[in-house]
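Examination of the molecular architecture
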Amino acid sequence: LERASAIGRTSFATFFFLGEAYRDSHRLDRAIPAYREAARLEPEFAQAWFELGVAYQRTGQRDEASSVLGVLEKLDPTLAKELKKRVEFGGK
């Protein structure tokens, strides 16, 4: 996935799955830029925004998580509700 993201920088799915791989490896410092790129490439992809918000929340970046929440509320109210719970209560 790292090679694919270096070669082709237009696939939001590549960056999303790269973020997932980093998240699963507990590398949120690397997952955040990958999710951010996936959301930039496909702004309507709510799952990328959600995972970005969760990663921000887990790394203590509450302001960033809250800004993602604003975008997510327009795209997917159900995911926004879940992210809001996590941000407000510090859940994982």
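Here, the structure is the one placed above.
What counts and how
- Residues numbered from 1 in each chain as written.
- Predicted model: local features only at pLDDT ≥ 70, side-chain atom pairs only at ≥ 80, totals over all residues.
- Heavy atoms only, no water.
- Core = buried A, V, L, I, M, F, W, Y, C linked by side-chain atoms within 4.5 Å.
- Buried < 20%, exposed > 50% of the residue type's maximum accessible area, 1.4 Å probe, protein only.
- Helix = DSSP H or I, 4+ residues; strand = E, 2+ residues; numbered from the N terminus.
- Salt bridge = Lys/Arg side-chain N within 4 Å of Asp/Glu carboxyl O.

**As for the nonpolar core**
Trp49, Phe50, Leu52, Tyr56, Val68, Leu72 and Leu83 are the most contacted members of the largest nonpolar core, which has 27 residues in total. With eight residues, helix H4 (residues 46-58) is the largest single contributor of residues to this core.

**A short note on the pattern of salt bridges**
Considering all chains together, one arrives at seven salt bridges under this definition. As a salt-bridge pair, Arg23 and Glu20 come within 3.1 Å of each other at their nearest N and O atoms. You can see Arg23 and its partner Glu20 sitting in helix H2 (residues 12-24), three residues apart, about one turn around the helix. A relative accessible area of 23% places Arg23 in the partly exposed class. Taking the relative accessible area as the measure of exposure, Glu20 reaches 16% and is therefore buried. The residue Arg23 makes a salt bridge to Asp24 at a minimum N-O spacing of 2.8 Å. Where salt bridges share partners, they join Glu20, Arg23, Asp24 and Glu51 into one cluster.

Keep in mind that these numbers describe shape and distance, not what the molecule does.
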